[in-house]
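Analysis of the macromolecular model
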Amino acid sequence: MPKKFSEINVDNIERVFVVNTGHITEDDGKLIQEPMDKSPVRILPFEYGAHITIIPELDVTAFLENDAPKLLEHGFSSSFVSVLAKAVANDISFVILDAHGNFDDELPTFDW
């Protein structure tokens, strides 16, 4: 029988930031539909959004100084970067952008 989470090593458990795709622009929505494995992110699209793994040092200052410009150069919006920066600021390296996800009051929203 599988162990309960209370019985396993919690170092093996990661938090995930699940947020609505309404927090990114329509152009971002198109970009996340293409798989990407390029620093600082890995993107795995699915029907209603994408799973994103952030590969920075998990320090928000370093992310904004080093990694955010790479994303902007690739064509992502500052709103997309804001979603990932919020995850990094909270020590989260996995983001799920999902059309059925919750909205976050601290992030901008787009109606597309």
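Placed above this text is the structure.
Quick look at the structure, then. (Residues numbered from 1 in each chain as written. Predicted model: local features only at pLDDT ≥ 70, side-chain atom pairs only at ≥ 80, totals over all residues. Heavy atoms only, no water.)

Structural notes on the overall build of the chain
Convention followed: Each helix is a run of DSSP H or I of at least 4 residues and each strand a run of E of at least 2, with the numbering of both proceeding from the N terminus. Our radius of gyration is a C-alpha quantity, and the globule rule it is checked against amounts to 2.2 Å times the number of residues to the power 0.38. We call two residues contacting when some pair of their heavy atoms lies within 4.5 Å.
Looking only at helices and strands, the chain has three helices and five strands in total. The secondary structure elements of the chain, listed N-terminal to C-terminal, are β-α-β-β-β-α-α-β. Taking 112 residues into account, the globule formula puts the C-alpha radius of gyration at 13 Å, and the chain, at 15 Å, falls close to it. With respect to the principal axes defined by its C-alpha atoms, the chain has extents near 45 × 30 × 30 Å. Relative to all contacts within the chain whose residues are 6 or more apart in sequence, the contacts with residues 24 or more apart total 70%.

Some remarks on the nonpolar core
Let me state the cut-off plainly: We call a set of buried Ala, Val, Leu, Ile, Met, Phe, Trp, Tyr and Cys residues a nonpolar core when their side-chain atoms join them within 4.5 Å. When accessible area is computed with a 1.4 Å probe and restricted to protein chains, residues below 20% of their type maximum are described as buried, those above 50% as exposed, and intermediate ones as partly exposed.
Core analysis: the biggest nonpolar cluster contains 25 residues, and Ile43, Ile52, Phe80, Leu84, Val95 and Leu97 have the highest contact counts within it. Those elements that provide at least two residues to this core are β1 (16–20), β3 (41–46), β4 (49–54), α2 (60–74), α3 (78–89) and β5 (94–98). Here the element with the most residues in this core is α3; it accounts for seven residues. In this structure, Ile52 is in contact with Val41, Arg42, Ile43, Phe80, Leu84, Ser93, Phe94, Val95 and Leu97, ignoring residues within four places of it in sequence.

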